[in-house]
Each structure stands twice: as structure tokens, then as C-alpha cells.
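The primary structure of each chain is shown beneath.
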Amino acid sequence: MDQKILSLSTEKTADRLQEFLQTLKEDELATLLQHQAVKGKTAGAFLRAIFKGSPCSEKAGALRRLKTYTCCIQLVESGDLQKEVASEIIGLLMLEAHNFPGPLLVELANEFVGAIKEGNLMNGKSLELLPIVLTALITEKENLVYGKDELSGEECKKQLIKTLCSVRWDRQYVVQFTSMFKDVPLTAEEAEFVVEKVLKMFSKLNLQEVPPLVYQLLVLASKGNRKRVLEGIIAYFNKLDKQHNEEQSGNELLDLVTMPSGELRHVEGTVILHIVFAIKLDCELGRELLKHVKAGLQGDFSNNICPFSIALLLSITRIQRFEEQKTSVVKSFKDLQLLQGSKFLQNLVPHRSCVSTMILDVVKNSVHSWDHVTQGLVEFGFILMDSYGPKKIPDGNNIETSPGLSRTPQQHACKLGANILLETFKIHEMIRQEILERILNRVVSRASSSISHYLDLFSNITMCSPLVLQSCSSKVTETFDYLSFLPLQTVQGLLKAVQPLLKVSMSMRDSLILVLRKAMFASRLDARKAAVAGFLLLLKNFKVLGSLSSSQCSQSLGVSQVHVDVHSHYNSVANETFCLEIMDSLRRCLGQQADVRLMLYEGFYDVLRRNSQLANSIMHTLLSQLKQYYEPQPDVLPPLKLEACISTKGDQISLQEPLDHLLCCVQHCLAWYKSRVLPLQQEEEEEEEFYQDLDDMMESITSRMIKSELEDFELDKSADFSQSTGIGIKNNICAFLVMGVCEVLIEYNFSIGNFSKNKFEEVLSLFLCYKKLSDILNEKAGKGKTKTANKTHDSFLSMNFVSDLLTALFRVLLWRYTSIPTSVEEESGKKEKGKSISLLCLEGLQKTFGAVLRFFQPRIPQFLQALDAPDNEGEEVEVTVTQRAAFQIRQFQRSLLNLLSSQEEDFNSKEAVLLVSFLSSLSKLLEPSSPEFMQMLSWTSKICKENSREDASFCKGLMNLLFSLHVLCKSPVILLRDLSQDIHGHLGDIDEDVEMEETNHFAMVNLRTAAPTVCLLVLSQAEKVLEEVDWLIAKRKGQVSQETISEEASSQATLANHPIEKAIIMELGTLLTFFHELVQTALPSGSCVDTLLKDLCKMYTILTALVRYYLQVYQSSRGIPKIMEKLVKLSGSHLTPLCYSFISYIQNKTQSLKHTGGKKAKKTAAVAMAMARVLRETKAIPNLIFAIEQYEKFLIRLSKRSKVNLMQHMKLSTSRDFKIRGNVLDMVLQEEEEENEEDTASEHEGQNEEPAKKKKKK
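For clarity, every value in this text was computed on a predicted model and none was experimentally measured.

1. Topic: the overall build of the protein chain
Then, in step 1: Of the regular secondary structure elements, the protein chain holds 53 helices and six strands.
Then, in step 2: Counting only residues that meet the buried cut, the protein chain has 50% of its 1258 residues in that class.
Then, in step 3: For the protein chain, the share of sequence-separated contacts (at least 6 apart) that also reach a separation of at least 24 residues comes to 74%.
Then, in step 4: When the accessible surface of the protein chain is split by element, carbon and sulfur atoms take 51% of a total near 61,800 Å².

Spelled out as C-alpha cells, the structure:
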């Protein structure tokens, strides 16, 4: 029978074939079809014969075709057919699908939907036919019956897709379903259905099944919904990351962990590759990714910014521009800094994850073959370091990076870049050579700019893995060739960083020594200094066997930091020979310029501490050098040959021997030798000889320097110290040498004196000599005869000496200041250049505390503990930093109260300012949530409210302290409003007819302090509040842009975030009352008016931003909040009209000043300055008017959209008439000409008169 069908199909006409097929029953045709399909040889021909004999124009033929399709689909899904046969059958079905009538297409599609719904699919091969069926439906022009409705073909397709997306999908066919839809023409709405369905399926798949699904989804995204696809993928992996981190950090049994870390990272890496490939083909997808990340930075940080999205962003760096990512990182640091400094923001915005932590997580995750991310990480790290590295200030020094939270956002970004590169270097072997080359290239090529951050990074790399760097040694060796041409600071940093490598690589060490020896004889002074610096570093780090342990002295780089034993490579004999050769080279430097010698003297002490076996060589060298400038006769004064230290070549006079540095080196080496070496060895004559000689010489120099008068050095008051004569230059050099020698001898005698009275008298005598000479130089400098005295010279007093003194004096200072009343001290009459001993004590305390807080933050608890001596010292009671700081604060609070209790004329302003500064420093150690902090805040507020002092600097310090405490508890707007009322009350109104009732919220605000001191302070704080509000508005805008389009989700999100909107409006409302007071205040011309105009402009700009926000989020169902309407009403009634009045007030003052200046002051300097000041103020007026008009413009738009008349309280000003009137202009010009004639005639008469402005400021 099947053969007959095949033979009939070969005829030209299909009539006989149709007749025969009509005679067959459905079951018979299905059986024949199954038989042919299983046999496989003629299945295609048999199927074509059936289609030929079943024309769609006839109802019976169309139905037969439908049954054939159903049968073929079942056969293909059964899995009994060979792959080739199944593919051939599906191909034929696809070709013939377009011939189906519409109703049968709907029926066929419904059969597919039913099979999917019931889970009847066996292999999903037949799904290839469904896109053709759905596409064919679109071409149907007649309405089709679908369920109970009649729909067009397009609408039928839409309903079928909806049904498909609503039924349960078997997870093994999810990829095929997704792939199927890419061949169907989809509208935006249909694409959204499909995308949402696929994204929901992510969570039901195994991890390994996700990458192919993502690939198909990205192909589908080219039809639209790119944003939603990216959001869904990022949200899915963000959720997985959080879940994985919780499992890793939790205490659950790790056997129950849902996914291994390695598998998750490999899957993420594959997905990132798919997305990057898709972005290369579809740039719009890349733009959507950047928009998504940017929205995350503005809105809800946690949903958009995560390690996965950052890794994805880094992977597309070669496709998209990188600049935005760099600024985004810095913006996130700024946001974090803003949040940390404001309790108002902390209450409204939840804690945000730190972006630097996320980026470093990406570096960790990249170990799992994320090669496509690695290159982006390296680029990003270098961009951050290049853009935000330390800057050089004009004198050539670097701006130091402050530690901890006090870093700026830019400094945080630079540090993040260094951490990225360091961690990437550790993890990825393939990229190490490139990172090292780029670091060293910057060190060499950017010598003129600051490269300290690159040197720090290079040092960290060598410290962590010196053995790994041996493979990159060629690049380091190549860098050595440039040492002679680099600045000394760079050379020192580079050689210090490379020390661990020198200990494990003999070839690198030999290369460096060769370069240094060449540099030793170079013509450039800097090259020779670089050679000395290099050799000194080598001497410090290559220890001779038998030297003292490096743990016995402080050091920045020790052998313990390199995980190799030096002596396994170099034996002690080789090291000793090597070091002695270097010492011979360095001795030759003692005949070179003073700068080279100075470097030697500064370096020998460090070498001695690190390599004690070189003591003999170093001490003998110093002894022979000192003898050249030492007078051996005990009666000869002075004891040093200063003339020999100065070189005279023609008219050029310069320092040849830095004798003060030489003596300083001798003193330090001698003290170290006596304390460390002598106790550990037996006395030997050879060693005793140089030690005793040096000791005797120092004693002799001390006694003779005390006996010497300044006349003995020819440096008395009559000496010439000018820079214009050779004698003057020579005397200046000698004076600084003598002062340096005195400092060295002071420390020497203090260290050996053991607190004896005789030695202390000698120390005081030496200091007297130093003081006399210093006073002479300062006196000469004051007369303008020399500039040398204005230069700062480093002190020769060591930190050990200073710390010993401070240890002895600090407790005395603290006890004396907090125990002895100032009045008692003043009665004794002991003063020091106008400063009482009490004030000197306080200055010493303040500087000590300042140094600890700035440089030793981690050790603050130990510092406070050392100061504190509680009664229960024997008991083990845990005392917090806050409690210890509060104890110190209470003592100084009492001191300030004692000062404030005195009369105004007896008030010591300097001491009060120092006390407030001290309290400000200590208050930073208090925990803001602690009762001690609240006590400090209430105490400061009480002081400001109850005490009135006319000292501006004291008032400024105290108010700054109040604000700094207040912002850590709540918003300062109420405080600002109260202070503005006080300022208004004291300075009066711009309308002279208005009688002011003086408010007295804060007694510290009075006629003397109200302006400019307090006024500028409150305006500065108001500007900070405006910045916070502006940031909140931008954040809300970002959140709104991320909200779901659905009305329900949108309303829920709006309600959830309503507190932020309310807080913004409340802040602006209170600030509006603050400005309401100030614009009515008769402020003096100058900085107050200028700053007020700028802040008003900013206020209106932010009001405009708020109005534009409501334009963006407006919904007719919700309308404009009533509280917003009240704010608009308040701005129209209480601020805008007063702003125009204030502008008129300023302009009237300008006119009166011009009139006064023309007729009376005769263009004196004072009036010229006042005119310039007023002109500066008037420049801000157009900006303010423009800001007001922009605010009103957007209010009109919002009124139209919301159908609420927000402009009913806005009174447009009539004073802004900018029309030029010719007759008025002529009159003004004529008046000016007459005034100029009067000025010329009465010039001599008015010369002695005081300007009117001066009279006003009594």
C-alpha cells in the first residue's frame, strides 16, 4: 500500500493519489507513516506524497495534513527514529506549514502548548516547528477563533505566547524553548513575557545549565528588553554570591552547601564571556550595562553593584570607554565619606557595601580562569593610580597621604588601584611581567612627578614574593641603568624596594654594584649622591656574620621579611669582604662636595645599627675625619676649625664640610656603641683607643664651646650677615654650623648626664649660646638684611632625645596645667615673651596630642591608658577609648570654665582657643552613640548659650566644635535657624524703620561676633546641609528609575521611600526659615553678603531639583504631597520677595558708596577696596535671579501636570526692569561729569577726611 502511494505520487496529476488517500482510514495512514519513518529510507518521499495528495484547498486534505503533522510530531518525539530521518521530517513539516489554513494553525499550535503543559515532550526535537507555526499565524488576515473569542492572527500569536509562558516548563527543555523564541517575530510586550519567564527559570536549573541558557537569552535580547535581561542575569548571580558567602561564613555543615566555590566561579566566568561576546555584536547592550551600573550608584546600590557586575564591567573595557568607571569609584568613596559624617543621612540611607571590597573580591574570584577579567583589572588599577596618585606641591615635596578615614576619596581610589595590582600580581602568573614593566616604566619616565605610590607598590610586590620576581629580573636590572639620571628620592625608594631581590639573586646584586661604581665617578652631583645612597643601603642589608640581631634595633626592612636565608647564598667571609670594599669606596667620598659627605654622615649610624661588625671601620673613619677640624690644644678657643669647613673659590663661598652633621653622626654612633657593643665584648686595647679618643674629644669640645663667646667665632651683633657680601655669606654658614654643633652637644651631654645637675647646667649653657645666635639671626632677618634666617633648618635633636624630654615633661605639663590655677601663676609674674607658663604647658600638650592623633592612630588606646591612672588600677576593668578620652575632656572642661568665669578684660583668648582646639581633638575619640558624647554635646551647647565673649577666634572655635558634634547626632537645621535669628537681632534689619526684638538663643552671638564670624560659619554649615539634600534627591531619582513599571510595585516602592522625601522637604523648609532671617539682616559688605548670595542660589537650584523630581515621578493617582505644597507656599511668601528686597538693599549700598566715594573719599585705597568688594557681590545677583526664575519655570510645569496651582503664592517681582532709558542715562552721565569737576577742585580740602565707610564701622 505504501508502495502504491509512492508510485501514484510520481504521476503528473495528483487526482488518483487524492482518491486513494481518501479511501484510507486514519489509523492505516498513521501505521504506514510510522512504518516508513522507522525504516527510514523513503520516509521523506512518502511524506511528500501525502502532502501532494492532501491539498489545503480542500477540507479533507487540510485535515489529513493536520493528522499527518500530529503523527509526525509524535514519531519525532518518540526517539525511535534515526537523527537524519527525524531532521528530514521536521524540515518537510516546516516547509509545508505556511500552506495551512488559519484555524488549523491555531489547532496545531494548541497541540504544542498542550504537549508542553502536560510534559509529553521526549526530546524536544519537534519544537523547531513551533516558531514556523507562530510566524505563519501573523500572515493570516482573517479573524480566527481562539477559545471563545475571535482574534486576528497577530492577537492569536500573542495569546499563544502568553499561554506558553504561563505553563510549567520542563527544565531540560528550557534552553530549547528559549532558542525557539529567537526565530519568532516578537513585539516588545511578547518579548517581555518570554524574558520574564526565562529569568524565572534560572533558579530551577542546575548551575551548569545556566551558561547555555544565558547565551540563548542574549540572542533573544537583540529583539529588545536588553535592560531587563542584564538586570535579571546580574540579580541572579548577585543572589548566588550572597548565598554562597553566607554559607561559607555560617556554621552550617559544609556538606550541605548548595554549590562549590570553584564551580560557581567557573560558571560566572563563562557567562561573562557570553555577555562580552554579545556586546561586541550589539553595542546597545554595552550601553545598557553602563546605564545599569550608573543607576545603581545613584539609587539602590545593593541591587546593581556587586562583584559579578563589576567583573562584567571590567571585561568590556576594550569595547567601552573606561573613564566613567574611574569616576564612579571615586563617587562611591565620596558617598561613603558623606554618610560617615552625617547622622541625618545615616538614619535615612541603609549601610552601603564598600565598592573597594567588591572589586578586591573580583580579583580573588578571577583565579578561576577569568582571563578576560584580568586584563581589565590591570588597566583599571593603573588608571586609578595614574589619576589619583599624590600630587607634587611647588617646593617639590609630595603631599603626604594621611592614614585611615581621614584620607580623601581620591587617596582611597589610588590605594584601591595599588591593592588591585598587588593582588592580581600574586594570583596571575601570566600577567606579572606586564605589571612589573608598567610599574618600572612609570618610575623611570615620570621622575619629575610624584611616583611614591608606585614605589610603595613595587616594594610590596618584592616583599611578598622575591623568589617569584627572579623570573622578571631582566626588567629590574634594566632599570638600574637609569639610576644615575633619576632624582635622589626616587633612587632611594627604588633601591629600598629592591633589597629582598638582591638577597636572592647574585647576578642582580652584581649588576647594581657595577652601576653604582660607575655613578660614584660621574660628573653629575645627583649621580654621585645616588651611588652613596645605594652603597649605604647595601651595607645595611648585607650583614656580616656576628653582627647584632636585627630585632635589637628598629628597622623598616629585615631579613625576616624575606623567606630565604641570606647565608645560604653568601657566606660570612664573602659578605665581610663585600662590605669592606664598599666602605673603601665610600671613604673616597669624604673628599667630595658637602652634599655627598652629608649623606654619608646621615647613613653611617643606620649602617652601624644594622651591621655592628662594621663598627671598627666606621668609627675609625669618623675619628680621622673629625681630627681634621678639631683643635687638639685644650686651651685654644673655639675648639673647632670653622674656617676649614668653608670653601672659597673666587667670589663663590660655599660649605665644604658639614661639621654639625659629622659631630651628630659621631655622637649617635658613640652612644650606640657604648650601649650595645661594649657590654657584649671584652675590652680590647684597639677598640678602647678610638672609643676613648672620640669620647675625650666630645668632652673637650663641650667644655670649650661653653667657654667660647660669640666674638671668638666672629659672630657677634656687629658681624655682617647680609647675602650680598662674601663676608655675610660666610658668617651665615658659620652661624648655622655653630648652632648645629650646640644642638648636637646638648643631646650628647643630656644622654651621658644621667640627670646630674652639672650636666644640666652645661646643657643650659649650650642652649644659651644657641639662643643668642638664633636671636641675632632673627633680628637681622627682621631688618630685611638676610633671607637665610627665614629658611627652615632641620633640628639635630633626635627623636629619642625629644621623646625622653617629653616623657619627663609631659606629666609635669599635664599636672601643672590641670592642677595650678592660672590666677595663682599670674600672681607669680613668671612670663615667657608674653606667654605664661600655663599657656606654654597647654601648647606642649596640644602639640603632643595632635601628633599622636595624626601619626599614631592605632596606638591611641595605649596612649590614653598611659595618661590615665585610675584608682582601681589593680582591678582588671576594661576601659574603652571613649571613657578614657572623656576623663581627659572633663579636666579641660573645668579649665575652660575657670577661664570663662573671669572678667572680659582678664579673659585669655589664646589659652581659650587652645583649650577649644584640644577639646575638639579629644571629642573625635568619643563614640557618637555613647552617653559621654551626648554629655560633651550638651556641655558645649550650654557654654555657647550662656557665655558671651567678643573674641572672634574663640567664638569660631567653639561654634565649630558645636557643629562638629551636632551633625553626628542629628541634622543641624534647627540650630542654624536659631543662630540666624540671633544674627538678625544683633545686626538689625535691612529696613531701618523696623525695630528688632533681640533674640538670645546663644549668648556667644553678639554684635562683635555675629558678622562675619558666626554668619560665615552658619552659611558654611547650611551649604553642607544643602549638599546632603542634593545627594538625597539624586539618590531618590536613581531609585525611582529602577522601580518596577507595574503600578502596584511602584506605589509600594514610593510608600517605602516616602520618609526620604519627607525628610528632604522638612530640611529645606527649616533651611528656608534660616535664609528668611538672613536676607532681612543688615549684613556688612564683604564675604558675608557674597557667601549668602551664593548659598541662596544653591538653595533655589536644589528646590528646582526637587520640583523636577516630582515632575519625573508624578502620578495622577498620588498627586503632589501636601507637605510639598506647603514648602512651595513658604518659598513664595517667606523667601523670594525678601531676596528681591535684599538685592535692592545691596544695589542701594553700591549707589551710596559710589556717591560717597566720588564726593568725599577721593578714590582712596579704602573706597577702592570697598568698591571691589561690592562689585564682587553684585556679580552673584544675576545668578540668583536666574536660579529663582528656573525654579518658577519648573513650578509652572508641575502645576500644569498636577492641576494644582503652585504659583498662587509666587509674586513675580516688578523691580527687575532692565530697559535702558536714554534720558535717565544722559542725566547720570552729566552728574558724573559734574562730580569729577568738583573732585578736582576740592582735592586738597578733602585729603584729611575719613571715608564714610570707615565712619560706619565704629
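After presenting the structure, the write-up continues.
2. Brief notes about the nonpolar core
Then, in step 1: By size, the foremost hydrophobic cluster in this structure holds 131 residues, and its most contacted members are Phe-202, Ile-233 and Phe-308.
Then, in step 2: Broken down by element, this core gets its largest block of residues, nine residues, from helix H7 (residues 102-118).
Then, in step 3: Other than its neighbours up to four places away in sequence, Phe-202 contacts Val-210, Leu-213, Val-214, Leu-217, Ile-233 and Tyr-236.
Then, in step 4: Formed by 126 residues, the second largest nonpolar core is a distinct cluster that contains Leu-845, Leu-925, Phe-933 and Cys-1088.

3. So, the pattern of salt bridges
Then, in step 1: Tallied over the entire structure, the rule returns 34 salt bridges.
Then, in step 2: Here Arg-226 and Asp-282 are joined by a salt bridge, their closest N and O atoms 2.6 Å apart. In this pair, Arg-226 sits in helix H13 (residues 226-249) while Asp-282 sits in the loop between helix H14 (261-281) and helix H15 (283-298), placing the two residues 56 residues apart along the sequence.
Then, in step 3: Here Lys-759 and Glu-699 are joined by a salt bridge, their closest N and O atoms 3.4 Å apart. Of the two residues, Lys-759 is situated in helix H35 (residues 757-782) and Glu-699 in helix H33 (residues 685-707); the sequence distance between them amounts to 60 residues.

4. Notes on the pairing of strand E4 (residues 652-655)
Then, in step 1: Alignment of strand E3 (residues 646-649) against E4, held across four bridges, turns out to be antiparallel. Its bridge partner lying in E4, Ile-646 is registered against Leu-655.
Then, in step 2: Hairpin geometry of E3 and E4 is characterised by an intervening segment of two residues between the two adjacent antiparallel strands and by a positive phi of about 65 degrees at Gly-650.

5. Concerning unusual backbone geometry
Then, in step 1: At the junction of Leu-637 and Pro-638, the peptide bond is cis and its omega measures out at -10 degrees in the coordinates.
Then, in step 2: With respect to the secondary-structure elements, Pro-638 resides in the loop between helix H31 (615-627) and E3.
Then, in step 3: Here the residue pair Ala-1011 and Pro-1012 is connected by a cis peptide bond, since its omega of 5 degrees sits within 30 degrees of zero.
Then, in step 4: Positionally, Pro-1012 belongs in helix H45 (residues 1010-1042).

6. With respect to the packing of aromatic side chains
Each pair of aromatic rings is reported with the distance of its centres and the angle of its planes.
Then, in step 1: Within this structure, the stated rule accounts for 18 aromatic pairs.
Then, in step 2: Where Phe-849 meets Phe-863, the ring centres are 5.3 Å apart and the plane angle is 85 degrees; that geometry is what we call edge-to-face. Here the residue Phe-849 occupies a position in helix H38 (residues 837-855), and Phe-863 occupies one in helix H39 (residues 860-867), the gap between them amounting to 14 residues. One exposure class covers both Phe-849 and Phe-863, and it is buried.
Then, in step 3: For Arg-609, the ring lying beneath its charged end belongs to Tyr-605, and the centroid distance is 5.3 Å.
Then, in step 4: Against the face of Phe-907 rests Arg-949, its NZ or CZ located 4.9 Å from the ring centre.

7. Some points on the confidence of the model for the protein chain
Then, in step 1: For the protein chain, per-residue confidence averages 80 on the pLDDT scale, and 82% of positions sit at 70 or higher.
Then, in step 2: Taken as a whole, residues 251-257 scores under 50 in pLDDT and shows four contacts with residues more than four places along the chain or in a different chain.
Then, in step 3: In this model, residues 785-790 is a region of pLDDT below 50 whose contacts with residues beyond four sequence positions or in other chains number 18 contacts.

8. Some words on the packing of helix H20 (residues 355-365) against helix H21 (residues 371-388)
Then, in step 1: At a minimum axis distance of 10 Å, the contact between H20 and H21 shows a crossing angle of 140 degrees. With respect to each other, H20 and H21 are oriented oblique. Handedness of the crossing formed by H20 with H21: left-handed. Across from Ile-359, Val-362 and Val-363 in H20, the residues of H21 making contact are Val-373, Leu-377 and Phe-380.
Then, in step 2: For the contact of H20 with H21, a count of residues per class yields six nonpolar, no polar and no charged.

9. Re helix H12 (residues 210-221)
Then, in step 1: The end-to-end C-alpha separation of H12 is 16 Å, in line with the 16 Å expected for twelve residues at 1.5 Å each.
Then, in step 2: Along H12, nine of the twelve residues are buried, which leaves the element largely enclosed by surrounding structure.
Then, in step 3: Listing the buried residues of H12 in full gives Val-210, Pro-211, Leu-213, Val-214, Gln-216, Leu-217, Leu-218, Leu-220 and Ala-221.

10. Structural notes on a nonpolar patch on the surface
Then, in step 1: Judged by side-chain polarity, Tyr-215, Phe-277 and Leu-281 come together as a nonpolar surface patch covering roughly 330 Å² of accessible area.
Then, in step 2: With respect to the helices and strands, Leu-281 occurs in helix H14.

11. Observations regarding the packing of H14 against helix H17 (residues 307-315)
Then, in step 1: Put simply, H14 and H17 touch, their axes get as near as 10 Å, and they point 45 degrees apart. Taken as axis vectors, H14 and H17 run oblique relative to one another. Every pair of crossing elements has a handedness; the one defined by H14 and H17 is right-handed. On H17, the residues that touch Glu-268, Val-271, Ile-272, Ile-275 and Val-276 of H14 are Phe-308, Ala-311, Leu-312 and Ser-315.

12. Concerning the environment of Pro-131
Then, in step 1: Relative to the assigned elements, Pro-131 resides in helix H8 (residues 130-138).
Then, in step 2: Sequence-distant contacts of Pro-131, defined by excluding residues within four places in its chain, comprise Met-180, Asp-183 and Val-184.

Thresholds applied
- Residues numbered from 1 in each chain as written.
- Predicted model: local features only at pLDDT ≥ 70, side-chain atom pairs only at ≥ 80, totals over all residues.
- Heavy atoms only, no water.
- Helix = DSSP H or I, 4+ residues; strand = E, 2+ residues; numbered from the N terminus.
- Buried < 20%, exposed > 50% of the residue type's maximum accessible area, 1.4 Å probe, protein only.
- Contact = heavy atoms within 4.5 Å.
- Areas by Shrake-Rupley, 256 points an atom, 1.4 Å probe, with all protein chains shown as cover.
- Core = buried A, V, L, I, M, F, W, Y, C linked by side-chain atoms within 4.5 Å.
- Salt bridge = Lys/Arg side-chain N within 4 Å of Asp/Glu carboxyl O.
- Pairing = 2+ DSSP bridges.
- Phe/Tyr/Trp six-rings, centres within 6.5 Å; stacked < 30°, edge-to-face > 60°.
- Lys NZ or Arg CZ within 6 Å of the ring centre and 35° of its normal.
- pLDDT = per-residue confidence, 0-100.
- Axes fitted to C-alpha atoms, helices over the stretch in contact; angles between N-to-C directions.
- Parallel < 35°, antiparallel > 145°, perpendicular 65-115°, else oblique.
- Left-handed = near helix turned anticlockwise from the far one by under 90°.
- Nonpolar A, V, L, I, M, F, W, Y, C, P; charged D, E, K, R; others polar.
- Expected span 1.5 Å × (residues − 1).
- Patch = residues over 30% accessible without salt bridge, like charges linked within 9 Å, V, L, I, M, F, W, Y side chains within 5 Å.

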